[in-house]
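Summary of the model geometry
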Amino acid sequence: PLAHVSEKVFKGERISVDDAVLLYETADLGYLSILANYIRDSKNGDHIYFNKNFHVEPTNTCIYNCKFCSYHKIAGDPESWEMSLNEITELSESYQNKDITEVHVVGGVHPKWDINYYGKIIQSIKNALPNVHVKAYSAIELEYVIQKANLTHREGMRKLKEFGLNSIPGGGAEIFDPQVREKICSDKATGKQWLDVHEAAHLEGIPSNATMLYGHIESYKHRAQHMEAIRNLQDKTGGFNCFIPLKFRAQNNKLGYLGEVGTVEDL
């Protein structure tokens, strides 16, 4: 069976969900490395790509209470924070003349902020760093403020693009499977809504990243199905810049009893 999968890879054929599960369950790290390096070399040769960026985390106040999250605080919690627009401007100004190429903006879903305030955050950064690429707001944040504004996803993305938004990060994808999502983050945007937001962004000329949270209660099949959904949207729009697997961290959250997967699985 593994020979069949490797034959597909070397012929440039796509592997299926079942193929991916088989690799997860039976292939050792060396075998996977050979296949992965062949694909990487075929696509990118000897080139590598990176950004020089800094992060703006406008708030850790969040209306959601995901069981894997060690970050969020409810409104009014003494450990919560909200950056003012002046603070965001000052932080951005501190990176002037430092060869920064990108600003990454992501935070909690604040109950009082709206799409215009999100736009003002982008403007504050652009005023200080007019040539910087602003990658801002997870699909979870965007779903909330766009719905709050009674706009379609495309209308919302178009509005933020007018404020200066250049791309969006991949956060909030977690695992798309509805049953898994119900157990780990039942109150926030669904997997379908995440995909819908990213599709709308791509159609408005806004590229994005994609992520997957692994190492909690999901199965290998859930992971493969998740990646297939991202691949299907990439076929449709071509708008994803990169895929980022995010390891579940067990500290200070409701799923901490699960522990964390080992280094070999991370690789």
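Analysis parameters
- Residues numbered from 1 in each chain as written.
- Predicted model: local features only at pLDDT ≥ 70, side-chain atom pairs only at ≥ 80, totals over all residues.
- Heavy atoms only, no water.
- Pairing = 2+ DSSP bridges.
- Helix = DSSP H or I, 4+ residues; strand = E, 2+ residues; numbered from the N terminus.
- Axes fitted to C-alpha atoms, helices over the stretch in contact; angles between N-to-C directions.
- Buried < 20%, exposed > 50% of the residue type's maximum accessible area, 1.4 Å probe, protein only.
- Arc of directions from axis to C-beta.
- Salt bridge = Lys/Arg side-chain N within 4 Å of Asp/Glu carboxyl O.
- Polar contact = N/O pair within 3.5 Å; in protein donor to acceptor, adjacent residues only side chain to side chain.
- Contact = heavy atoms within 4.5 Å.
- Core = buried A, V, L, I, M, F, W, Y, C linked by side-chain atoms within 4.5 Å.

Turning to the sheet that holds strand S2 (residues 102-105), a few remarks are in order. Across the sheet, which stays open at both edges, the three strands sit in the order S1-S2-S3 with parallel pairing between neighbours. Sheet topology places strand S1 (53-56) and strand S3 (133-136) at the edges, where each strand pairs with a single neighbour. Here the strands of the sheet are splayed against their neighbours by 20° on average, with no regard to which way each runs. Pairing geometry for S2 and S3, over four bridges, is parallel.

On to helix H7 (residues 153-163). Those residues of H7 that sit buried are Gly156, Met157, Leu160 and Phe163. Seen end-on, H7 carries its buried residues on one side only, within an arc spanning 110°. Downstream of H7 by one or two residues, Gly164 has phi in the positive range, about 120°.

What follows covers unusual backbone geometry. Located in the positive-phi region is Tyr137, a residue other than glycine, with phi close to 75°. Looking at the secondary structure, you find Tyr137 in the loop between S3 and helix H6 (139-148). Backbone geometry places Asn252, a non-glycine residue, at a positive phi of 55°. Assignment of secondary structure puts Asn252 in the loop between strand S5 (240-247) and helix H11 (263-266). Overall, Asn252 belongs to the exposed group, its relative accessible area being 69%.

According to the stated counting rule, one finds 17 salt bridges in the structure shown. The residue Asp266 makes a salt bridge to Lys247 at a minimum N-O spacing of 2.8 Å. Note that Asp266 is positioned in helix H11 and Lys247 in strand S5, a separation of 19 residues in sequence. When salt bridges with common partners are traced through the structure, they connect Lys247, Arg249, Glu260 and Asp266 into a single cluster.

The next thing to look at is the environment of Asp114. Secondary-structure assignment places Asp114 in the loop between S2 and helix H5 (115-128). Overall, Asp114 belongs to the partly exposed group, its relative accessible area being 33%. Note: C-alpha distance between Asp114 and Glu141 (27 residues apart in sequence) is 9.8 Å. For Asp114, the side chain forms a polar contact with the main-chain nitrogen of Asn116, separated by 3.2 Å.

What follows deals with the side chain of Glu199. Secondary-structure assignment places Glu199 in helix H9 (residues 191-203). Polar contacts involving the side chain of Glu199 include one to the side chain of Lys236, which spans 2.7 Å. Contacts of Glu199, omitting those with residues within four sequence positions, involve Leu233, Lys236 and Thr237.

The biggest cluster of nonpolar side chains holds 59 residues, and the ones touching the most others in it are Val105, Ile125 and Met157. At seven residues, H5 tops the list of elements feeding residues into this core. Here Val105 is in contact with Val56, Pro58, Ile121, Ile125, Val134, Lys135, Ala136, Tyr137 and Pro169, once residues within four sequence places are set aside. Among the nonpolar cores identified, the runner-up in size contains five residues, and Val5, Val9, Leu23 and Leu35 belong to it.

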